[in-house]
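# Fold and contact review
Okay, here's what each chain looks like letter by letter:
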Amino acid sequence: MLRTVVCVSGGGTNLQAVIDGVRNGVITNTEIVGVISNKKDAYALERAKKYQIASRCISPRDYADREAFHRGMMEALDAFAPDLIVLAGFLVVLPEAMIQKYRNRIINIHPSLIPSFCGKGFYGLKVHEAELEKGVRVVGATVHFVDEGTDTGPIILQKAVNVEQGDTPETLQRRVMEEAEWKILPQAIDMIANGRVKVEDGKVILDE
Ligand code: GAR
């Protein structure tokens, strides 16, 4: 069983997709052992509670400085002894020590087709605002391993979604979630749990 911890900051619809995936068999060999949020009022924590998944809130506000916050985050994570850490709308820059310790065991869902509309400042609705501003016709989502950069790690899965006439950032965000994020995140976890994802020379090799 792949011991999986999901890190969240907000609504947690991607967390829900992972919970549903484990329950309905889309994701196999996987146990969600914990949820970590940096925000006390994240609705994702309610979702964890509903399914009796252990959760912890590690908020920077409860720590004297960034270093202490990072130590707190590491301790909380280590306590779950995870095989895989899933960043599902987790809007915290990870400490380097954590990236090194869990190299190729941390994945992130990003709401664009990387390398477009990613990197510093591109998160959540801002991504879709920028896409509409640019006038692109095709958008999508990416699941990738986390390395020291922002949205630069090896890409595992991507799925494209069409922009439609009259889209607002909100309608586009919803379609990208429904058609791409909630599908490729569970799919990537299942592939990892079943040994079908390898990293070689900084690139992902899929056993499909
Ligand atoms: C999702 O769209 C996710 O892709 C995005 O935040 C949203 C969280 O929603 N993540 C990023 O932008 C990371 N750069 P959720 O809490 O409902 O899953």
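The present account deals with the structure reproduced in this document. Throughout, residues of each chain are indexed from 1 in the direction in which the sequence is written. This being a predicted model, a pLDDT of at least 70 is required before a residue's local features are given, and a value of 80 or more before pairs of side-chain atoms are given or counted; all residues contribute to the totals for chains, interfaces and linings. Only heavy atoms go into the side-chain values, all of them from the structure, while hydrogens and water stay out.

## Observations regarding the pairing of strand S8 (residues 197–200)
- By definition, two strands form a pair when at least two bridges between them are found by DSSP. Numbering of helices and strands runs from the N terminus; a helix is a DSSP stretch of H or I covering at least four residues, while a strand is a stretch of E covering at least two. The pairing of S8 with strand S9 (residues 203–206) spans 4 bridges and is antiparallel. Counterpart to Val-199 in the pairing with S9 is Val-204.
- Turn length for the S8-S9 hairpin, with the two strands adjacent in sequence and antiparallel, is 2 residues, and the turn residue Asp-201 shows positive phi of about 50°.

## Notes on helix H3 (residues 66–79)
- A helix is expected to span 1.5 Å multiplied by its residue count minus one. Taking 1.5 Å as the rise per residue, H3 with 14 residues should run 20 Å; its terminal C-alpha atoms sit 20 Å apart, in good agreement.
- On its buried face, H3 sits against strand S1 (2–8), strand S2 (30–37), strand S3 (55–57), strand S4 (84–87) and helix H4 (96–101).
- The N-cap residue of H3 is Asp-65: its side-chain oxygen and the backbone nitrogen of Glu-67 are 3.3 Å apart.
- Where H3 ends, the next residue or the one after it, Ala-81, has phi of about 45°, a positive value. Contact criterion: two residues are considered in contact whenever any of their non-hydrogen atoms come within 4.5 Å of each other. We define a polar contact as two N or O atoms separated by no more than 3.5 Å, with the added condition that, inside protein, one atom must be a possible hydrogen donor and the other a possible acceptor, whereas residues neighbouring each other in sequence contribute only through side-chain atom pairs.

## Let's talk about the nonpolar core
- Only buried residues count toward a nonpolar core. Its members are Ala, Val, Leu, Ile, Met, Phe, Trp, Tyr and Cys residues joined through side-chain atoms within 4.5 Å. In this scheme, a residue with accessible area under 20% of its type's maximum is buried, one over 50% is exposed, and one in between is partly exposed, where area comes from a 1.4 Å probe on protein chains only. Formed by 38 residues in total, the largest nonpolar core has its most connected members in Ile-107, Ile-156, Leu-185 and Ile-189.
- A per-element tally of this core places helix H6 (residues 169–193) first, with 10 residues.
- Setting aside chain neighbours within four positions, we find Ile-189 in contact with Leu-2, Val-18, Ile-27, Thr-30, Leu-84, Val-86 and Ile-107.
- In terms of nonpolar packing, the next biggest core, distinct from the first, is built from 21 residues, Ile-58, Met-73, Ile-85 and Met-98 among them.

## Observations regarding the sheet that holds S3
- One open sheet holds the 7 strands; their spatial order is S3-S2-S1-S4-S5-S6-S7, and the pairing between them is mixed. Looking at the sheet topology across the chains shown, the edges are occupied by S3 and strand S7 (155–162). Ignoring which end each strand starts from, the neighbouring axes of this sheet average 20° apart.
- Here S1 runs beside S2; their pairing, made up of 7 bridges, is parallel. Looking at the pairing, Val-6 lines up with Val-35 of S2.
- The axes used here are C-alpha line fits, helices contributing only the stretch in contact, and every angle between their N-to-C directions lies in the interval 0 to 180 degrees. Strand contacts of helix H1 (residues 13–24): S1, S2 and strand S5 (106–110), with the helix running at about 160° to S2, the strand carrying the most contacts.

## Things to note about the packing of H1 against helix H2 (residues 43–50)
- At their nearest, the axes of H1 and H2 sit 9 Å apart, and the two run at 20° to each other. If you check the angle between H1 and H2, you find them roughly parallel. Between H1 and H2 lies a crossing of right-handed hand. Contacts between H1 and H2 involve Thr-13, Leu-15, Gln-16 and Ile-19 from the former and Ala-44, Arg-47 and Ala-48 from the latter.
- Throughout this entry, Asp, Glu, Lys and Arg are counted as charged residues, while Ala, Val, Leu, Ile, Met, Phe, Trp, Tyr, Cys and Pro are counted as nonpolar. The remaining residues, Gly among them, count as polar. Here the contact of H1 with H2 is composed, by residue class, of 4 nonpolar, 2 polar and 1 charged. Our angle categories are set so that under 35 degrees counts as roughly parallel, over 145 as roughly antiparallel, 65 to 115 as roughly perpendicular, and the remainder as oblique. Handedness of each helix crossing follows the sense of rotation of the near helix against the far helix: counterclockwise by less than a right angle gives left-handed, clockwise gives right-handed.

## Some details on the site of the ligand
- Any residue with a heavy atom positioned within 4 Å of a molecule or strand is treated as near that molecule or strand. The ligand sits among 14 residues. The nearest are Gly-12, Thr-13, Asn-14, Gly-124 and Glu-181.
- Gly-11 has a polar backbone atom sitting 3.4 Å from an oxygen atom of the ligand.
- Gly-124 places a polar main-chain atom, nitrogen or oxygen, 2.8 Å from an oxygen atom of the ligand.
- Each accessible area is a Shrake-Rupley estimate made with a 1.4 Å probe; only the visible protein chains count as cover when residues are assessed. If the ligand stood free it would expose 450 Å²; the protein chains cover 90% of that surface.
- Looking at the shell around the ligand, the elements with two or more residues in it are H1, S5 and H6.

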